[in-house]
Amino acid sequence: MPKHSPIHLDPRSPLVLDTRELPRRPGALRTVKRVVPAPADLGLELIGVPEGADLDLDLRLESVSEGVLVSGTVSGSVQGECGRCLRAIGDSLTVTIQELYAYENSTTDETTDEDEVGRLQGDLIDLEPALRDAVVLALPTNPLCRDDCPGLCPECGVQLDELPADHSHQQIDPRWASLSQLTRKEE
């Protein structure tokens, strides 16, 4: 008896793969190349793939004894903001995916935990969880606009690389203000 409860998959969904044309004998292979819209919330707090942005899927579906091995790449654009200076960041991302989807009632049901291996529902594969894992793990948790980004001035909040070199917010205690005049006269 399978340990999981199947969720109804929509075969028309862009991230659901249909394996009907893939024979269930080890070694059979089918390639899938398509452009799909990115699902919502595909990213981290500061950076991610915008919802609806194009994701290029270049996948291989290969029959193995226990199921279907999906491997390949996913490419798309990412947008976000720098973790130091809050400038907008735009970049591209290519990640690899490799996930085994077990056939229903295979011995994998008895030898693995429910969340260890993906499952086929009939002839359908839900690619979204594997895609989400691969993309989110590849994104930087603290993205930078450039490696040497100096960030923001902690006092005024202006980007440090836009400020003059002598920029400061030195505040002198009024009780000592007259002493600072002495150092200026010596210069």
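Residues numbered from 1 in each chain as written. Predicted model: local features only at pLDDT ≥ 70, side-chain atom pairs only at ≥ 80, totals over all residues. Heavy atoms only, no water.

Caption draft 1: Just the environment of R87, in detail. Among the structural elements, R87 can be located in the loop between β6 (67-81) and β7 (88-102). Distance in space between the C-alpha atoms of R87 and Q159 is 9.2 Å, their sequence separation being 72 residues. Beyond its immediate chain neighbours, meaning those up to four positions away, R87 contacts G80, E81, C82, C145, R146, Q159, D161 and E162. Of note is the side chain of R87, whose polar atom sits 2.8 Å from the side chain of Q159. (Helix = DSSP H or I, 4+ residues; strand = E, 2+ residues; numbered from the N terminus. Contact = heavy atoms within 4.5 Å. Polar contact = N/O pair within 3.5 Å; in protein donor to acceptor, adjacent residues only side chain to side chain.)

Caption draft 2: Structural context of the environment of I89. Within the secondary structure layout, I89 lies in strand β7. Between the C-alpha atom of I89 and that of P143, which follows or precedes it by 54 residues, the distance is 8.3 Å. Beyond its immediate sequence surroundings of up to four residues, I89 is in contact with I47, V78, Q79, G80, E81, C82, P143, L144 and C145.

Caption draft 3: Geometry of the pairing of strand β5 (residues 54-64). Burial along β5 is one-sided: L55, L57, L59, L61 and S63 are buried, and none of D54, D56, D58, R60, E62 and V64, which face the opposite way, are. With nine bridges connecting them, strand β2 (residues 29-37) and β5 associate as antiparallel partners. Note that in β5 the partner of L29 across the bridge is E62. Pairing between β5 and β6: ten bridges, direction antiparallel. Each bridged residue has a counterpart across the sheet, and for L59 the counterpart in β6 is G72. Linking β5 back to β6 in an antiparallel pair, the connection comprises two residues. (Buried < 20%, exposed > 50% of the residue type's maximum accessible area, 1.4 Å probe, protein only. Pairing = 2+ DSSP bridges.)

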